[in-house]
Amino acid sequence: MICITGGTVHTGTGEVLKQGDILIDEGKIVAVGTGLKEKAEGFIDASGKVILPGFIDAMSELGMAIRRGEVRDNDEKSDPLTPHLKALYAYDGDCVSEQAPYTYGITALAAAPSNSNILGGQMAVFRTAGINPFKMLVKDEVGMKGSVTDQVKEAYGSRQVQPMTKMGIFSLLKEALRQAQAYDESQPETKRDEKAKALKKVLAKAMPLVIAANNAAELRGILRVCEDYDLKPILALGYDIHAEDVDLLDKTQGVILGNLSYGFNAYSQKADLEGLYALYKQGLPVAMATIGNNPNGKEGLIWTAARMMRACGNSEDVLNMLTLQAAKMLGCADRIGSIEAGKDADFVIWSDNPIETYAGRVEKVFMQGKVVYVQGGYQQ
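Keep in mind the model is a prediction, meaning the values are calculated, not measured.

Thresholds applied
- Residues numbered from 1 in each chain as written.
- Predicted model: local features only at pLDDT ≥ 70, side-chain atom pairs only at ≥ 80, totals over all residues.
- Heavy atoms only, no water.
- Core = buried A, V, L, I, M, F, W, Y, C linked by side-chain atoms within 4.5 Å.
- Buried < 20%, exposed > 50% of the residue type's maximum accessible area, 1.4 Å probe, protein only.
- Contact = heavy atoms within 4.5 Å.
- Helix = DSSP H or I, 4+ residues; strand = E, 2+ residues; numbered from the N terminus.
- Polar contact = N/O pair within 3.5 Å; in protein donor to acceptor, adjacent residues only side chain to side chain.
- Phe/Tyr/Trp six-rings, centres within 6.5 Å; stacked < 30°, edge-to-face > 60°.
- Lys NZ or Arg CZ within 6 Å of the ring centre and 35° of its normal.
- Pairing = 2+ DSSP bridges.
- Axes fitted to C-alpha atoms, helices over the stretch in contact; angles between N-to-C directions.
- Parallel < 35°, antiparallel > 145°, perpendicular 65-115°, else oblique.
- Left-handed = near helix turned anticlockwise from the far one by under 90°.
- Nonpolar A, V, L, I, M, F, W, Y, C, P; charged D, E, K, R; others polar.
- 1 Å grid on protein atoms, 1.4 Å probe; cavity = no way out; pocket = protein on both sides within 12 Å on 5 of 7 lines; lining within 4 Å.
- Points joined across faces, edges and corners; volume = space filled by probe spheres on them.
- Salt bridge = Lys/Arg side-chain N within 4 Å of Asp/Glu carboxyl O.

Visitor: Lay out the nonpolar core with the relevant residues and their values.
Guide: For soluble globular proteins, nonpolar side chains are generally found buried alongside one another. Among the nonpolar cores identified, the biggest contains 99 residues, and Met59, Leu119, Val125, Ile256, Met308, Val318 and Leu330 are the most heavily contacted of them. Apart from the residues within four sequence positions on either side, Ile256 is in contact with Ala58, Met59, Val210, Ile234, Leu235, Ala236, Leu237, Gly238, Ala287, Met288, Ala289 and Met329. If you look at the next biggest cluster of nonpolar residues, it comprises 15 residues, including Ile22, Ala345, Phe366 and Val371.

Shown next as structure tokens:
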């Protein structure tokens, strides 16, 4: 067993341990507390440092959006309805490792189809260091990614095919859900339909619907459609959500706040972060992501967190959004998202708290108890 000792440990749950210890063994956290150094065979001195859970990018294109000509591997624009597709097969571990999001404290991400399709496919959570995506996989089928944004109209309307309008988008979404509800694979006369079969998991609440909306009209349209199927979606982007939208506490599973780093996005720059935070304090789960209708990258997550910090002034709540809230929404909080006994030893040693100061720098990154990065070099 190894003990990370002497640092200020922010667990992600709101608890802070000054001069805390983290005892790890075989990739797992055995205990978190004080006075644990004596139980270990070796130790790493983190005195004067800040230790945070690895950040989770709750909806990401990293490792999949590398352009090869005009093709991006998570952007299947041949059909607006592709719920049967899986981001699992688009994730390039070597590419992600080269981009090194862990140097920004991001140890896991939810690989997602783009916002171009009404139903783009199934998300999966991966670690951000490695080569083999199947060894990097934390959990598959964590969400059915959808979108009702202008990006859908841009993808298909430019080719003069449906959907060219918001009416077309919502009509196709409703019809896809209706067909999935009627689909019964047990009947001998039923023709196999992989799209309906995939959507059946959403209707059975085995997989959440994660659907992007830029404004209030799109958001309310999603809720109206989902109401007919007793579904509580996870709303992605969340730019037009306000304190008075208290009904979202009962109608959704949470909000994934989109990338706020692009200054020319009319939607994101109008985001009401104070209003969203007010709902968070009332119990609305909020996570953060790099994906959005704008250029994305590993820097975007830190920038979005900084914007939220400026709006709410509570670094522990922002850390919770970057870690445990994301893990809970994506169904993998049993493994990642906080520094707690029994979870995977995925955490980062910082020079200072990056949520509170730009002076914070990543010094050492652990994934499953192994050091994968030290400041200035790589140890994979």
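Visitor: Pulling in residues and values, what's your account of the environment of Leu260?
Guide: Turning to its location among the elements, Leu260 is positioned in the loop between strand S12 (254-257) and helix H8 (273-281). Separated by 31 residues in sequence, Leu260 and Ile291 have C-alpha atoms that sit 9.5 Å apart. With residues near it in sequence (within four places) discarded, Leu260 still touches Tyr239, Ser268, Gln269, Ala271, Leu273, Trp303, Thr304 and Arg307.

Visitor: Residue-level account of helix H10 (residues 315-322), with values.
Guide: Extensive coverage of H10 is indicated by the burial of eight of its eight residues. Among the residues making up H10, those that are buried are Ser315, Glu316, Asp317, Val318, Leu319, Asn320, Met321 and Leu322. Sitting at the amino-terminal end of H10 is Asn314, which places a side-chain oxygen 3.1 Å from the backbone nitrogen of Glu316.

Visitor: Which residues make up the packing of aromatic side chains, and what values do they have?
Guide: Applying the stated criterion to the full structure yields seven aromatic pairs. Taking the ring centre of Phe43 as reference, the NZ or CZ of Lys37 above it sits at 3.9 Å.

Visitor: Please give an account of the pairing of strand S16 (residues 370-374) that cites residues and values.
Guide: Within a regular strand, the side chains alternate between the two sheet faces. Across the five residues that make up S16, a large majority, four, are buried. Bridge analysis of strand S15 (residues 362-367) against S16 gives four bridges, and the strand direction is antiparallel. Within S16, the residue paired with Met367 across the bridge is Lys370. Hairpin connection from S15 to S16: two residues lie between these consecutive antiparallel strands, with Gln368 at a positive phi of about 50°.

Visitor: Outline the sheet that holds strand S8 (residues 119-127), supporting the account with residue identities and numerical values.
Guide: Across the sheet, eight strands lie side by side as S6-S7-S8-S9-S10-S11-S12-S13; this open sheet has mixed pairing. Looking at which strands have only one partner, the edges of the open sheet turn out to be strand S6 (55-60) and strand S13 (286-288). Averaged over all adjacent pairs, the angle separating strand axes in this sheet is 25°, with direction ignored. Bridge analysis of strand S9 (residues 137-147) against strand S10 (residues 209-213) gives four bridges, and the strand direction is parallel.

Visitor: Explain the side chain of Asn115 to me, using residue names and the numbers behind them.
Guide: Here Asn115 shows up in the loop between strand S7 (106-111) and S8. On the basis of relative accessible area, Asn115 is assigned to the buried category, the value being 2%.

Visitor: For the packing of helix H4 (residues 166-182) against helix H6 (residues 216-227), give the residues involved together with the corresponding values.
Guide: For the pair H4 and H6, the least separation of the axes is 11 Å and the interaxial angle reads 25°. Of the possible angle classes, the one that applies to H4 and H6 is roughly parallel. Viewed along their axes, H4 and H6 form a crossing whose handedness is right-handed. Here Lys166, Phe170, Leu173, Lys174 and Leu177 of H4 lie close against H6, whose contacting residues are Glu218, Gly221, Ile222 and Val225. A per-class count over the contact of H4 with H6 returns five nonpolar, one polar and three charged.

Visitor: I'd like a rundown of empty space enclosed by the protein, residues and numbers included.
Guide: Per the stated rule, a full pass over the model turns up three cavities of 30 Å³ or more. If you add up the space inside the largest cavity, you get close to 50 Å³. Forming the walls of the largest cavity are Gly54, Ile56, Thr107, Ile336, Gly337, Ser338, Asp344 and Asp346. Residue classes in the lining of the largest cavity are distributed as two nonpolar, four polar and two charged.

Visitor: Mind laying out the pattern of salt bridges, listing which residues take part and the relevant values?
Guide: When the charged atoms of two side chains with opposite charge come close together, those side chains can pair. One pass over the full model with this rule turns up 27 salt bridges. Ionic pairing is found between Glu363 and Lys49, a salt bridge with its closest N-O pair at 3.2 Å. Separated by 314 residues along the polypeptide, Glu363 in strand S15 and Lys49 in the loop between strand S4 (42-45) and strand S5 (50-53) bring together distant segments of the chain. With relative accessibility at 26%, the residue Lys49 sits in the partly exposed group. Several salt bridges converge on common partners, so that one network encompasses Lys28, Arg127, Arg335, Asp344 and Asp346.

Visitor: Any details on the environment of Leu284? Residues and values, ideally.
Guide: Relative to the assigned elements, Leu284 resides in the loop between H8 and S13. Accessibility expressed as a relative area gives 2% for Leu284, which makes it buried. Between the C-alpha atoms of Leu284 and Gln325, which are 41 residues apart in sequence, the distance is 9.8 Å. Not counting the four nearest positions on each side in its chain, Leu284 is found in contact with Leu248, Leu249, Thr252, Gly254, Val255, Leu276 and Leu279.

So, to be careful, I would describe these as geometric facts and stop short of saying anything about function.
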